[in-house]
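Commentary on secondary and tertiary structure
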Amino acid sequence: MFVLILGAPGSGKGTQGKILAERLAVPKITTGDLLRAAMKEGTPLGLEAKKFYDDGKLVPDSIILGMIKEQLDRPEAKNGAILDGFPRTAAQAELVDKTLGQRGQRLNHILLLDVTEDELVRRMSARAQVEGRADDAPEAIATRLQVYQRDTAPLIAHYAQRGIVHRVPGTGTVDQIAGDIKRIIGR
Ligand code: AP5
Ligand code: MG
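These numbers come from a predicted model, not from an experiment.

Considering the site of ligand 1
Around ligand 1, 29 residues are found, and the nearest of them are Thr 15, Thr 31, Lys 57, Arg 88 and Arg 127. Within the backbone of Ser 11, one N or O atom sits 3.2 Å away from an oxygen atom of ligand 1. In the environment of ligand 1, a nitrogen atom lies 3.1 Å from a nitrogen or oxygen atom belonging to the backbone of Gly 85. Look at ligand 1: alone it shows 1,000 Å² of surface, and the protein chains cover 86% of it. Secondary structure elements with two or more residues in the shell around ligand 1: helix H1 (13-24), helix H2 (31-41), helix H6 (117-131) and helix H9 (174-185). No other element matches H2, which puts 4 residues into the shell around ligand 1. For the shell around ligand 1, the class distribution of residues is 10 nonpolar, 10 polar and 9 charged.

Considering the packing of helix H4 (residues 61-72) against helix H5 (residues 90-101)
Here H4 crosses H5 at 20°, and the two axes come no closer than 10 Å. In this view, H4 runs roughly parallel relative to H5, as classed from their interaxial angle. Helix-helix and strand crossings are classified by hand; for H4 and H5 the assignment is right-handed. Facing Asp 61, Ile 64, Leu 65, Ile 68, Lys 69 and Leu 72 of H4, the residues of H5 in contact are Ala 91, Gln 92, Leu 95, Val 96 and Thr 99. Class assignment of the residues belonging to the contact of H4 with H5 gives a composition of 7 nonpolar, 2 polar and 2 charged.

Focus on the sheet that holds strand E1 (residues 2-7)
The pairing of strands in a sheet happens through backbone hydrogen bonds and is either parallel or antiparallel. Spatial strand order, E2-E3-E1-E4-E5: 5 strands in an open sheet with parallel pairing. Every interior strand has two partners, whereas the edge strands, strand E2 (28-30) and strand E5 (165-169), have only one. Pairwise comparison of adjacent strand axes, ignoring direction, gives a mean angle of 25° for this sheet. Sheet topology places E2 next to strand E3 (residues 81-84); 3 bridges connect them, and they run parallel. Pairing of Thr 30 across the sheet is with Asp 84, part of E3. Sitting on the sheet, H1 touches E1, E2, E3 and strand E4 (109-114), and the angle it makes with E1 is about 165°.

Observations regarding the environment of Leu 83
One can find Leu 83 in strand E3. Look at Leu 83 and you get buried, because its relative accessible area is 0%. When the C-alpha positions of Leu 83 and Val 121 are compared, they lie 23 Å apart, and in sequence the two are 38 residues distant. Those residues in contact with Leu 83 that sit more than four places away from it in its chain are Phe 2, Val 3, Leu 4, Ile 5, Ile 29, Leu 72, Val 96 and Leu 107.

Calculation criteria
Residues numbered from 1 in each chain as written. Chains lettered and ligands numbered in written order. Predicted model: local features only at pLDDT ≥ 70, side-chain atom pairs only at ≥ 80, totals over all residues. Heavy atoms only, no water. Near = heavy atom within 4 Å. Polar contact = N/O pair within 3.5 Å; in protein donor to acceptor, adjacent residues only side chain to side chain. Areas by Shrake-Rupley, 256 points an atom, 1.4 Å probe, with all protein chains shown as cover. Helix = DSSP H or I, 4+ residues; strand = E, 2+ residues; numbered from the N terminus. Nonpolar A, V, L, I, M, F, W, Y, C, P; charged D, E, K, R; others polar. Axes fitted to C-alpha atoms, helices over the stretch in contact; angles between N-to-C directions. Parallel < 35°, antiparallel > 145°, perpendicular 65-115°, else oblique. Left-handed = near helix turned anticlockwise from the far one by under 90°. Contact = heavy atoms within 4.5 Å. Pairing = 2+ DSSP bridges. Buried < 20%, exposed > 50% of the residue type's maximum accessible area, 1.4 Å probe, protein only.

Treat this as a map of the structure, not an account of what it does.
Okay, here's the thing in structure tokens:
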């Protein structure tokens, strides 16, 4: 089963994706984590990505598309995966559809985590104090929220046409939300 967790920055994609991936015994693929690892290692890809990441901008598709393809082609992801943080652009969505389609697969569910902007800002600002993520600085948070609305939110309509989008209230306890997700996808 392939499940895409979609939602604004700070909406809980990583938190819920981890729980779901463990329950379904499939890998969670998180482009943000891959980028953070590359930046930490200082690879050429990481250094290039950092120019965008730190400001809260999307890393260009020229960098991300290859990363997505490589991850989806891994043997571990043969029968399913949780997609966390991608696709984020129309080109990424097209690549995911094409890659899965060539294998006779498709995205089965899209979970849209719905959280108010005030709560998103509160969560990311709180995390900034603890983890010090560069893109949790106030200006970068504002940019991330704008970029989500402009580039990623339009994907909701794209997938809604296929009838696979489930809106999940993203406020409440982590367990409550995980329970809602379990009910929605039926396992
Ligand atoms: P990415 O790493 O994907 O970050 P994001 O989408 O901005 O979102 P976060 O990871 O901050 O939040 P989340 O939704 O995972 O929520 P979480 O569970 O952590 O992307 C970062 C950057 O990388 C992008 O800006 C871009 O530059 C680049 N990038 C990544 N993918 C890309 C792509 N495909 N294309 C181009 N560029 C890309 O929760 C957030 C916080 O809230 C945590 O502290 C958590 O503990 C807390 N929390 C979670 N659930 C709850 C709850 N129910 N109640 C209270 N607090 C909660
Ligand atoms: Mg995340």
